[in-house]
Structure formats: C-alpha cells, structure tokens
Amino acid sequence: MRFIICALLAASLALPQIKMPPFERVVLGNGVTLILMPKRDLPLLSVRVAVKGGAEADPSGLEGMSSIVTEMMTLGTTTRSREKLAGDLDQLGIDVQRGSNRQTAFLQMESLAKDRDKALEIFEDLLLHPAFAEAELKRLLAQKIDGVKVAKDNPGAAIRQYSPAFYFGKNHPYGRTATGDELSLAKITRDGVEAFWKSNFVGKNMVVVVGGDFDAAAMREKMTGLLGKIPAGMAYVWKQTAVPARSAAPRLLLVDLPEATQTYFTIAQPGIDRTNPDRTPLELVNTLFGGRF
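None of these values were measured; they are calculated from a predicted model.

Trainee: I tried to follow the side chain of Ser111 on my own but got confused; where do I start?
Mentor: Secondary-structure assignment places Ser111 in strand S5 (residues 104-112). Aside from chain neighbours lying at most four places away, what touches Ser111 is Pro43, Leu44, Leu45, Ile94 and Ala119.

Trainee: It is not clear to me how the sheet that holds strand S4 (residues 95-100) should be interpreted in this structure. Could you clarify?
Mentor: Strand pairing in a sheet relies on backbone hydrogen bonds, with the paired strands running either antiparallel or parallel. The strand order across the open sheet formed by 6 strands is S1-S2-S6-S3-S5-S4, and the pairing between neighbours is mixed. The open sheet terminates on both sides in strands that have one partner only, identified here as strand S1 (24-27) and S4. Sheet twist, expressed as the average angle between the axes of neighbouring strands with direction ignored, equals 10°. As paired strands, S4 and S5 are joined by 6 bridges and run antiparallel to one another. Along S5, the bridge assignment pairs Ser100 with Ala105.

Trainee: Please explain the pairing of strand S3 (residues 44-52) as it appears in this structure.
Mentor: Of the two faces of S3, the one holding Leu45, Val47, Val49 and Val51 is buried and the one holding Leu44, Ser46, Arg48, Ala50 and Lys52 is not buried anywhere. Across 9 bridges, S3 lies against S5 in antiparallel orientation. What sits directly across from Ser46, in S5, is Glu110. When S3 meets strand S6 (residues 206-212), the two strands line up antiparallel, connected through 7 bridges. The partner of Ser46 across the bridge, within S6, is Gly211.

Trainee: Looking at this model, I keep getting lost on the nonpolar core. Mind explaining?
Mentor: Looking at soluble globular proteins, one finds that nonpolar side chains tend to be buried together. In terms of nonpolar packing, the biggest core is built from 54 residues, with Leu127, Val208, Val210 and Leu227 touching the most fellow members. For this core, the element with the most residues is helix H4 (residues 116-128), which contributes 7 residues.

Trainee: So what exactly am I meant to see when it comes to the side chain of Glu136 here?
Mentor: Structurally, Glu136 is set in helix H5 (residues 134-151). Look at Glu136 and you get buried, because its relative accessible area is 12%. A polar contact is formed between the side chain of Glu136 and the side chain of Arg139, at a distance of 2.9 Å. Those residues in contact with Glu136 that sit more than four places away from it in its chain are Met72, Leu75 and Arg82.

Trainee: Can you walk me through the packing of H4 against helix H9 (residues 216-227) in this structure?
Mentor: Two packed helices can be described by the angle between their axes and the distance between those axes. For the pair H4 and H9, the least separation of the axes is 11 Å and the interaxial angle reads 25°. Comparing the axis directions of H4 and H9 gives the class roughly parallel. Handedness of the crossing formed by H4 with H9: right-handed. Facing H4, whose interface residues are Arg116, Asp117, Leu120, Glu124, Leu127 and Leu128, H9 presents Met219, Lys222, Met223, Leu226 and Leu227.

Procedures and definitions
- Residues numbered from 1 in each chain as written.
- Predicted model: local features only at pLDDT ≥ 70, side-chain atom pairs only at ≥ 80, totals over all residues.
- Heavy atoms only, no water.
- Helix = DSSP H or I, 4+ residues; strand = E, 2+ residues; numbered from the N terminus.
- Contact = heavy atoms within 4.5 Å.
- Pairing = 2+ DSSP bridges.
- Axes fitted to C-alpha atoms, helices over the stretch in contact; angles between N-to-C directions.
- Buried < 20%, exposed > 50% of the residue type's maximum accessible area, 1.4 Å probe, protein only.
- Core = buried A, V, L, I, M, F, W, Y, C linked by side-chain atoms within 4.5 Å.
- Polar contact = N/O pair within 3.5 Å; in protein donor to acceptor, adjacent residues only side chain to side chain.
- Parallel < 35°, antiparallel > 145°, perpendicular 65-115°, else oblique.
- Left-handed = near helix turned anticlockwise from the far one by under 90°.

In structure tokens:
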C-alpha cells in the first residue's frame, strides 16, 4: 500500500502544472487587492470578494459571527429592503452567493455581461451599505438556533459539531464551531454584527477577483472607483497556534443518540498546513482511495 501511495504521489507531482488564464493584479491605495481576468468567450461577469479571517476571527463566545455577517449582507441594504433586493436580483437573473469558512468570508455575484453596470451597482450596495436590519437579524438568528438544535438529532451532523473541539481543543481556531451554537448565536447583537463588518470588510483585508466578458481597462477604472470607497482599515493577522501533538494513547469521544439507526465515526490525526506544497497531491491520493481527509 505504501508503494502505491508513493507512486501516485510521484505521478501527480510529475503532471504538467496548471496554467491560469492571463490576469492583472493591482493593489489599490486603500489596500484592496484587485485581480482582473478577462474571458471574452462567455457573456458572463463574476465578481468575488474575499476577506481574511472567517470563523477564525469570530470574537470569543460569539462563534458564528462571521457566518451571520455575510448572510446579513444579502438581506437588505440601506436603500433596498430584503424584498426589494430580491426583486432586483431576480429581474436581472443575478446570482449572489455568500459564506464563511474557517479562515475566509466571501461575497460573490454572477450576472450576464450585458447587465454589468446594473449588477455592479447592486453589488456595491451589498458590499458598502448593508442595513443589518434588527428584524432580519432576529429572524435569521432564530432560524440558525433552531437548525443547531435539529442537527443534534442527526448523528452525522452531531459528530461534526463535537469532534473538532475534542481533537483540537475549544481554544484552537479549528476547534471552534464555524456556524455557532445555541449559546453563541443567542449573544449576537446588531451592534456586534455591524462592528465585525466594519473591522473585517476593509481594504487591507480584502481580495476582489473579477472574471468574465469585459474590457480590462474599463473594468479596472470602474472597480477602482467602487472599491476605493472602502476604508483601508487593518489587515487580519492569522492566529499562531501549535500543531496538535499526537496523544500518548488513543482518545475516544462517544456521542450517544439512543434512537439513531446509524453509527458514524470520525478518526483524526495531525495533518499538513494549508500552504504545504504536497496538499493537492495528497488530496488527489485521498480521493482515489475513497475519502477526503
């Protein structure tokens, strides 16, 4: 088995390197990194904003904050209610995605290239003028808290909630829940949401990628004007934590759901850093052997 894995790793490393389409990288005066990648063969425009931090940046005791903030950014602006915003997006067939993982929060939009001006106007509204309406926040938090409670009745979902904290420890960035729990979500307030947005969605913490059917010079000018309105702020600094040490003896956590009809297992050992050059080959090998570690 070891020989096969080594052979696959060697083969994957010998493959030709992926060649990205031509792109332009510009750092604006407020620190925003803007990447332009024209691709004229499809009449689409895609814009993605990513900020460093994600769930790792959640304040202690307020786990789930980053996830809530990104979702609230799509639930109304200071000039568009949730209903008006949904109507404007539907009218133009614009798809908006948002989310937060352990180290990044993002907002993404895709539209037809012919509607780029109207689409970018809406995108600017989402990015720069979220309303964080109190009523919308209360509704969203209630839904999320109910979802956490329901997940505890699902063995597969429950084990994903408990195993990271057991392995990494509750104070490790990977040991904290990215989506929050009943206690942390109940503590989130509108003032806290707005404060998190103001401190994280800033120029020095932001990368914006624009791809699709557009003229590079014209798009650079338009995006520079749009993104130039964002405060520079401070860049997020990644938390420095020790790699979890191997235990002297195996540890076992049992999550008992007496009425469950299935049993789920999570087996964890130290892995590699996200920037390790072997990350992609290892993911390939893991997938070939039936799993994604």
